[in-house]
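Structural overview
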Amino acid sequence: MSVFDLPRLRFAGTALSRLPSGPAASDVDLATGRVHTLRKGDNFAGNGHFLIDAVITSVDPPAASPDPVVGRAVDFWGHYNEYLGTTANRARIFDVDPASRWSTIVMVGQFGFGRSGRSSDTGYMLTGQVEGFQPPRWHRPGQVLHQFVVDQAGGLTWLPEADRSPAVTALRTLLAAERASGLVVQFVLNHRTRPAPRGEPPGVPFDLDGVIAPWHSHELRTYPAGRLLTSRRAKDTCRPPVNLTLQITPADLLVNLVELLPHGLSLRTAHSGSTVAHLPAGVTGIVSAALTGPPERADAEPLEVVDASGAVVLAEEVVNVQVDDACVILEHPRGPEDADHDVEVTVRSFVRGVPAAVSRVEVRQCANPRATQGRHPVVALDGEPSCVLSTDASGLGTFTLRGLRAGTARLSLCADGEAAPQGHDDERHFPGAMTVRVLPDDWRLDGIPLEKVDFSLIHREVFAPYEELYPFMREEVFSLADRFKVETYAMLIWQMCDPRNKDRTYYMPPSRDLTAPKARLLLKYLRRQQTPRDVLVVTPGGHDGRPVLATRDALVRALRCGAAVELAVMLQYLYAAYSVPTYGTGVELVRRGEWTSAQLAMACGDGGKTADGGVRGTLLGIAREEMVHFLMVNNILTAVGEPFHVPRIDFGTINAELPVPLDFCLEGLSVGSAERFARIEEPAGASGEVRLGNLTGAAARPGYGSLSELYADIRDGLTRLPDLFVAAGESGGGEHHLFLRRSIDREHPDYQMEVDDLPSALFAIDVITEQGEGGVLTAEDPGEESHHAAFLRLSSLLAADLSWRPSYPVLRNPSLDPGDHAKDAITDPVAREVAMLFNDAYFLMLQLMVQHFYGRPGGSLRRSPLMNHAIDVMTAMMRPLAELLVTLPAGRAGRTAGPTFELDLLPGYLAQPGVAARTLAARFQRLATRAAACSLVPRRVAEQSAFLSAYFREERA
């Protein structure tokens, strides 16, 4: 039975709760969401992350020789984020009812164990997906238990490293034989009273003890299995509550103990008084005790624990009624008859630990007076303030919840004869309990027309309470009070707040109390942001066998070539993406009859409603991955002692400079450009070999036939050449986890791009090659498109209707230099000014990267203000300028302009911090002034530039 079954793995370590304290400490009106009195509490800046540092400590049954799984890491991760492509996703912790101590939820999205160090060095033995919330169980002062299940049917992955452990192999064999349905993970958090070690991040620390064991589908997912004994009927009601579960086998007694028991306790039958076993003292976990008599009588009678005097300390809950989903958040209905937001709750009943029918279960509610005015019912239970149900022979029953008024309540599930609770905090009369919260009635917001949805409305109705209660957003990401930031990241905000993602750990707000009408208001705001000021009108008319890398210098040259290639392909993919009209423009083209709805969906997806961004979204996603590849190659360079490399990319000369016979250029999206992109990403050997008689063309030659050949040579050179890595344990760059694939997250959820030795460098090369051409990191199909496959798909889609133009008529290789005849000059004054603004922003983005990599080459990319501001420049400045440029007449008949990505000079490292800050502040201010003077440029470009200018002025001060 569950944790009592073998084999079993025990783990221990520490946990850190970064639960924000503001909501619980403050006076918040849950009916409106308004903050009346703000109090910070002891962890005001908490970001809702739940972190653990734990290892496997032992296996049951003990092995004759040490099992390799002992000492391996145990990890609780969050869910994979489809929108950002993140690894190293964090588990979460939040309060369903901030005014209650009974509803602090842990939410794990992915479980794994078995790695030693980084998983790219010694991999996980198992990873698996976790669904639902993990509500708190068995509360004691400073102690709580949580439990979740990794269901074999829902995404459990055994990895090759599992073969090294006999205990893990036995678990896998058990599941493969369908003698179990998955794994149960139970863990206990004990508040740490000793001081936290120096350097530990802020939060509430806990000691962590847990167990991993087989799970069976007839058992609860979030509540311990077995016969339940509690102290709620004991005479000494002043002591903290004690709970345990047990199982009696023909051979012994197994007890699930989370609290130390005193000496002298015995387990006996309640009616006949026969002693069953003497309980072990001073130990916790799954412990065993010898039986003192035959177990048959214990199977037929209730059990109790008594002390040496015979006083009852713990008594069995013969009927145990529980729900797995013990914390529920309900939308407020539109009216009394609105059933669209009802929630059906499944009740499970057990008699002496076994699923069984119960004829009468009464469900009552106790409103939380600290969260709800008065004691009026918060929910309807099967349409009434309370309800009665029965369970079937499998121990299953249901009732329906419907919100009545905003607030919170605690529901009790009492079997026949149980005393009713006296109030919300009557702990001893809640043998089975759940917390429910009804969100505010915000349906009035659905009536606001699209044209009225502006930033001030969104901030007042949606953002203001979160900005006030959760400062981590302002301190770690950006302030929701900055309009230009919200405008820039409107789609990302919607994606994180999409109600369909409430069961994902990355959902925002982490409190999960954003109402559906407020979420729809955010979607309206996104739609307004996508509405173009003007739409371009196009009218007819106008005229118009290589050597190996045998030396370190040769390897460094190849790596720099790789960095140049990755930057060049990123720029051309961005150019092609920007040449496709935005979703809002596409809607207008459909209205005018120039596009069909199907063409809009193919080009732009559904405008952010889901992750489908169409052809445009595919190109942007690939470009983001190419940016990560550029950083990965530079991570390898810095790890071997070379500086961060920023090449000058000139699309008029690049094809003569790179030792790869491929066509790099900036051009709009078409069938031809998609096929050219596919050729660039083509795997080695895809074109086959050529032969004419005895002629094979296999003579050694300089250069590379493809990018695949370049990276194969780099990989070979890294392996071949000795003493390359000088980092000596210091990362050559890394701790960045955006824009990585689900396949990476599944097997390496801790991966953050670090490079400091040969294995991590080879893994980085494999990640680059896997995303470009596929079939490198795993022999199995991960269900993801490589770049090569994506471009083949795009070319097929576009070839289906050659009469349709999916892009603006942008220049091919645009330039600001009219004397460069290899490129097409932009001559229109307005377009030239916008193109110069774009190039200045591009320079500053690269300058920020150079400052980070030269100043802190081993520092965290994701926590670096310089790297985060570089992303802001790309997103808030370069993107809107590029989307404007592709609509501006270029000065050549029938053609529009485009970003040129030209640099007057390469960015160089500014070694003196004060000089660097003053230089950056001045450059951003000049750009802000020029952007503000151009009426066509979106306002947020100047605002972002002015913000960064002020930031660097403050840094200098």
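Because the structure is a prediction, the values reported are computed rather than measured. Along each chain, residue indices are assigned from 1 in the same order as the chain's sequence is written. Totals for whole chains, interfaces and linings use all residues, but because this is a predicted model, local features are given only for residues with pLDDT of at least 70 and pairs of side-chain atoms are given and counted only at 80 or more. In computing side-chain values, all of the structure's heavy atoms are included and hydrogens and water are not.

Concerning the overall build of the protein
Worth spelling out the cut-off: Strands are runs of DSSP state E lasting at least 2 residues, helices are runs of H or I lasting at least 4, and numbering of each runs from the N terminus. The rule is simple: take the accessible area with a 1.4 Å probe, protein chains only, and divide by the maximum for that residue type; under 20% is buried, over 50% is exposed, in between is partly exposed. Here the accessible surface of atoms and residues is derived via Shrake-Rupley with a 1.4 Å probe, and residues count as covered only by protein chains that are part of the display.
The helix and strand tally for the protein stands at 22 helices and 34 strands. Burial analysis of the protein (957 residues in total) assigns 57% to the buried set. By element, 52% of the accessible surface of the protein is carried by carbon and sulfur atoms, the whole surface being about 38300 Å².

Some points on the pairing of strand β1 (residues 8-17)
Convention followed: Here the rule is simple: two strands pair whenever DSSP picks up at least two bridges between them.
Sheet topology places β1 next to strand β4 (residues 49-60); 10 bridges connect them, and they run antiparallel. Among the inter-strand pairings, Ala-15 is bridged to a residue of β4, identified as Ile-52. Sheet topology note: the β1/strand β14 (residues 204-215) ladder contains nine bridges and is antiparallel. Looking at the pairing, Ser-17 lines up with Val-204 of β14.

Considering the layout of surface pockets
This is how the line gets drawn: Think of a 1 Å grid over just the protein atoms. A cavity is a set of points where a 1.4 Å probe fits yet cannot get out, a pocket is an open set with protein on both sides within 12 Å along at least five of seven lines, and lining residues have an atom within 4 Å of a point. Grid points are joined across faces, edges and corners, and a volume is the space filled by probe spheres set on the points.
Estimated volume of the second largest pocket: approximately 710 Å³. Lining the second largest pocket we find 29 residues, and of these Leu-19, Asp-95, Arg-101, Thr-104 and Phe-206 sit closest to its centre. Every element with two or more residues in the lining of the second largest pocket is listed here: β6 (91-95), β10 (137-140), β11 (143-151), β13 (182-191) and β14. A total of three residues in the lining of the second largest pocket trace back to one element, the largest contributor, which is β11.

Regarding the pattern of salt bridges
Our working definition: By definition, a salt bridge exists where a carboxyl oxygen of Asp or Glu is found within 4 Å of a side-chain nitrogen of Lys or Arg.
Considering all chains together, one arrives at 53 salt bridges under this definition. Linking Glu-594 and Arg-592 is a salt bridge whose minimum nitrogen-to-oxygen distance equals 2.8 Å. With its nearest N and O atoms 3.5 Å apart, the salt bridge here joins Glu-667 to Arg-812. Taken together, the residues Glu-667 in the loop between α13 (654-657) and α14 (671-680) and Arg-812 in the loop between α18 (787-799) and β33 (814-815) connect sequence positions 145 residues apart. Taken together, the shared-partner salt bridges in this structure form one network comprising Arg-34, Arg-444, Arg-460 and Glu-461.

Quick notes on the packing of helix α12 (residues 614-639) against helix α17 (residues 758-773)
For the record, the criterion: A fitted line through C-alpha atoms represents every axis, and for helices the fit uses only the stretch in contact; the resulting angles, taken between N-to-C directions, go from 0 to 180 degrees. Under this scheme an angle from 65 to 115 degrees is roughly perpendicular, one under 35 degrees roughly parallel, and one over 145 degrees roughly antiparallel; angles in between are oblique. With the far helix as reference, a near helix turned anticlockwise by less than a right angle produces a left-handed crossing, and one turned clockwise produces a right-handed crossing. Residues count as neighbours in contact if any of their non-hydrogen atoms are within 4.5 Å of one another. Ten residues, namely Ala, Val, Leu, Ile, Met, Phe, Trp, Tyr, Cys and Pro, are considered nonpolar, four, namely Asp, Glu, Lys and Arg, are considered charged, and the remaining ones, Gly among them, are considered polar.
Close contact between α12 and α17 brings their axes to 10 Å; oriented N to C, the two are set at 160°. By the angle class used here, α12 and α17 are roughly antiparallel. α17 is crossed by α12, and the crossing has left-handed handedness. Each of Glu-625, His-629, Met-632, Val-633 and Ile-636 in α12 lies in contact with α17, whose residues at this interface are Ala-761, Ala-764, Ile-765, Val-767, Ile-768 and Gln-771. When grouped by side-chain class, the residues that make up the contact of α12 with α17 number eight nonpolar, two polar and one charged.

Here we look at the nonpolar core
Formally: Think of a nonpolar core as a cluster: buried Ala, Val, Leu, Ile, Met, Phe, Trp, Tyr and Cys residues, connected wherever their side-chain atoms sit within 4.5 Å.
Ranked by internal contacts, the top residues of the largest apolar core, which has 136 residues, are Phe-664, Ile-714, Tyr-842 and Met-849. The biggest single contributor to this core is helix α9 (residues 552-579), with 20 residues. Setting aside its immediate chain neighbours within four residues, Met-849 contacts Met-627, Phe-630, Leu-631, Phe-644, Met-867, Ala-870 and Met-874. Among the nonpolar cores identified, the runner-up in size contains 40 residues, and Ile-93, Val-130, Phe-148 and Leu-171 belong to it.

Observations concerning the sheet that holds strand β21 (residues 303-306)
As summarised here, the arrangement of the eight strands in space is β19-β18-β21-β22-β15-β16-β17-β20, forming an open sheet in which the pairing is antiparallel. Whereas interior strands pair on both sides, the edge strands pair on one side only; in this sheet they are β19 (275-278) and β20 (285-290). Each adjacent strand pair in this sheet contributes to an overall mean axis angle of 25°, direction not counted. Sheet topology note: the strand β18 (residues 266-269)/β19 ladder contains three bridges and is antiparallel. Directly across from Ser-266, in β19, lies its bridge partner His-278.

A few points about the domain arrangement of the protein
Rules: Boundary definitions for the domains trace back to an automatic or database domain assignment.
By domain assignment, the protein separates into domain 1 (2-215), domain 2 (233-316), domain 3 (320-441), domain 4 (444-521) and domain 5 (809-956). For domain 2 and domain 4, the distance between their C-alpha centroids amounts to 52 Å.

A look at unusual backbone geometry
The omega torsion of the bond from Asp-60 to Pro-61 falls at 0°, within 30 degrees of zero and hence cis. Tracing the sequence through the fold places Pro-61 in the loop between β4 and β5 (73-77). Across the junction of Met-508 and Pro-509, the peptide omega takes the value 0°, indicating a cis bond. Note that Pro-509 resides in the loop between α7 (490-497) and α8 (516-529).

Some thoughts on the side chain of Arg-741
What counts here: Any N or O atom pair separated by 3.5 Å or less is treated as a polar contact, with the protein-specific requirement of one donor-capable and one acceptor-capable atom, and with residues adjacent in sequence counted only for side-chain atom pairs.
With respect to the helices and strands, Arg-741 occurs in the loop between α15 (707-720) and α16 (742-747). Note on Arg-741: relative accessible area 13%, which makes it buried. Looking at Arg-741, its side chain comes within polar contact range of the side chain of Glu-625, at 2.6 Å. At 2.9 Å, the side chain of Arg-741 forms a polar contact with the backbone oxygen of Glu-785. In contact with Arg-741, other than residues within four places in its own chain, are Tyr-80, Thr-87, Glu-625, Gln-771, Glu-784, Glu-785, Ser-786 and His-787.

Concerning empty space enclosed by the protein
Rolling a probe over the atoms, with the probe sized like a water molecule, indicates the empty space that remains. Taken as a whole, the second largest cavity encloses approximately 120 Å³ of empty space. Glu-681, Leu-707, Tyr-711, Ile-768 and Gly-772 are the residues nearest the centre of the second largest cavity, which is lined by 13 residues in total. Elements with a minimum of two residues in the lining of the second largest cavity: α12, α15 and α17. Considered class by class, the residues forming the lining of the second largest cavity number four nonpolar, four polar and five charged.

A word on the sheet that holds strand β27 (residues 361-367)
In a beta sheet, neighbouring strands are held together by backbone hydrogen bonds and run either parallel or antiparallel to one another. In space, the five strands of this open sheet follow the order β24-β32-β31-β27-β29, with mixed pairing throughout. For this open sheet the edge positions go to β24 (327-330) and β29 (387-389), each flanked by a neighbour on one side alone. The sheet shows a mean angle of 25° between the axes of neighbouring strands, direction not considered. In the sheet, β27 pairs with β29 via three bridges, with the strands oriented antiparallel. Its bridge partner being in β29, Glu-362 is matched across the sheet by Val-388.

With respect to the side chain of Arg-137
Spelled out, the test is: Residues counted as positive are Lys and Arg, residues counted as negative are Asp and Glu, and His and the chain ends are not counted.
With respect to the secondary-structure elements, Arg-137 resides in strand β10. This buried residue, Arg-137, is left without a salt bridge; Asp-324 holds the nearest opposite charge, at 4.8 Å. Among the polar contacts listed, one links the side chain of Arg-137 to the side chain of Thr-222, at a separation of 2.7 Å.

Observations concerning the packing of aromatic side chains
For clarity, the cut-off: Centre distance within 6.5 Å is the pairing criterion for rings of Phe, Tyr and Trp, where only the six-membered ring of Trp is used; planes under 30 degrees apart are then read as stacked, over 60 as edge-to-face, and the remainder as tilted. Only lysine NZ and arginine CZ atoms are considered, and such an atom sits over a ring when it is within 6 Å of the ring centre and within 35 degrees of the ring normal.
Inspection of every chain in the model, using the stated rule, returns 26 aromatic pairs. Taken together, the ring pairs in this structure connect Phe-11, Phe-50, Phe-76, Phe-111, Phe-113, Phe-148 and Phe-187 into an aromatic cluster. In this arrangement the basic side chain of Arg-410 is found over the ring face of Trp-102, its NZ or CZ atom lying 4.1 Å from the centre. Looking at Arg-512, its charged tip hangs above the ring of Phe-94, at a distance of 4.9 Å from the centre.

Here we look at helix α11 (residues 597-604)
Each α-helix turn comprises 3.6 residues. Residues three or four places apart therefore point the same way. Put simply, the rule is: Note that the arc is computed from the directions linking the helix axis to the C-beta atoms.
Along α11, the positions that sit buried rather than exposed are Gln-599, Leu-600, Ala-603 and Cys-604. Looking straight down α11, one finds that the buried residues subtend no more than 105° of arc, so they occupy a single side. Facing away from the buried surface of α11 by more than 90 degrees, the exposed residues are Ser-597 and Ala-598. Tucked into the core, α11 has its buried residues touching α10 (583-591) and α12.

Brief notes about the confidence of the model for the protein
What counts here: Confidence of the prediction at every residue is given by pLDDT, a number between 0 and 100.
Overall, the prediction assigns the protein a mean pLDDT of 90, with 94% of residues at 70 or greater. Here strand β2 (residues 27-29) stands out as the least confident element of the protein, with mean pLDDT 85; β5 is the most confident, with 98.

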